[in-house]
Amino acid sequence: MAPLTTRFDEALVYAHAVHVGHARKVTGAPYIGHLMGVSSIVIDDGGSEDEAIAALLHDAAEDCGGRERLEDIRARFGDAVAKIVEDCTDAWTTPKAPWAERKTKYVQHARTLDRSSLRVSAADKVHNGYAILRGLRTRGERVWERFNAGPDDILAYYQALVRAYREAGGGPLVDELERIVKGIEREMGY
């Protein structure tokens, strides 16, 4: 990967501004930590600058403005970044559709992801999955209290994503996600 440019810096500032005041479900930590974590995973996996930027912005449209936000991202950071963000988005409206409906559709969509979108989407799920695993180890079953779905449904979603990502081409991040899912299963006594 070539060195990151000022575009990455601009994306980090933009992501922070978009998500200011947002917090993580499991820890309550500032949401920007998740976005930086996903971007770090993408960079460590050999991702391009566009992929690293999209990782910072992957939740911006879903959580903060829908299609208008996506068009702002396209204008600021280009078509490649916007396409990845679009591919990582499972809701375009507020309020969002029910959790199970959105996740079922996203699993179907995940089977068709191109390499760049697969990398960012899988990095997001690796970061989220590890937060759940870490939460189970440190907080126990209380980790599930902040979610909009039950533990069995969340685990089934992650298992389905591993299969879908493999159909889309797989890779080291999908292997890592599968290891994390197996860790969650063990912590839950499955």
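The structure we're discussing is the one just above.
First things first, this report covers the structure right here in the doc. This is a predicted model, so every value here is computed, not measured. (Residues numbered from 1 in each chain as written. Predicted model: local features only at pLDDT ≥ 70, side-chain atom pairs only at ≥ 80, totals over all residues. Heavy atoms only, no water.)

**Details of the pattern of salt bridges**
Stage number 1. Under the defined criterion, the tally for this structure stands at 21 salt bridges.
Stage number 2. Here Arg76 and Asp72 are joined by a salt bridge, their closest N and O atoms 2.9 Å apart. Highlighted residues: Arg76 and Asp72, both in helix H5 (residues 66-77), separated by four residues, approximately one helical turn.
Stage number 3. Here the residues in one salt-bridge network are Arg7, Glu49 and Asp50, joined through shared partners. (Salt bridge = Lys/Arg side-chain N within 4 Å of Asp/Glu carboxyl O. Helix = DSSP H or I, 4+ residues; strand = E, 2+ residues; numbered from the N terminus.)

**Here we look at the side chain of Ser39**
Stage number 1. Within the fold, Ser39 resides in helix H2 (residues 32-44).
Stage number 2. A polar side-chain atom of Ser39 sits 2.9 Å from the main-chain carbonyl oxygen of Ala52. (Polar contact = N/O pair within 3.5 Å; in protein donor to acceptor, adjacent residues only side chain to side chain.)

**Remarks on a positive patch on the surface**
Stage number 1. There is a patch of like positive charges on the surface, built from Arg134, Arg139, Arg142 and Arg146.
Stage number 2. Locating Arg142 in the fold gives a position in the loop between helix H8 (115-139) and helix H9 (151-168). (Patch = residues over 30% accessible without salt bridge, like charges linked within 9 Å, V, L, I, M, F, W, Y side chains within 5 Å. Areas by Shrake-Rupley, 256 points an atom, 1.4 Å probe, with all protein chains shown as cover. Lys, Arg positive; Asp, Glu negative; His and termini not counted. Charge placed at Lys NZ, Arg CZ, Asp CG, Glu CD.)

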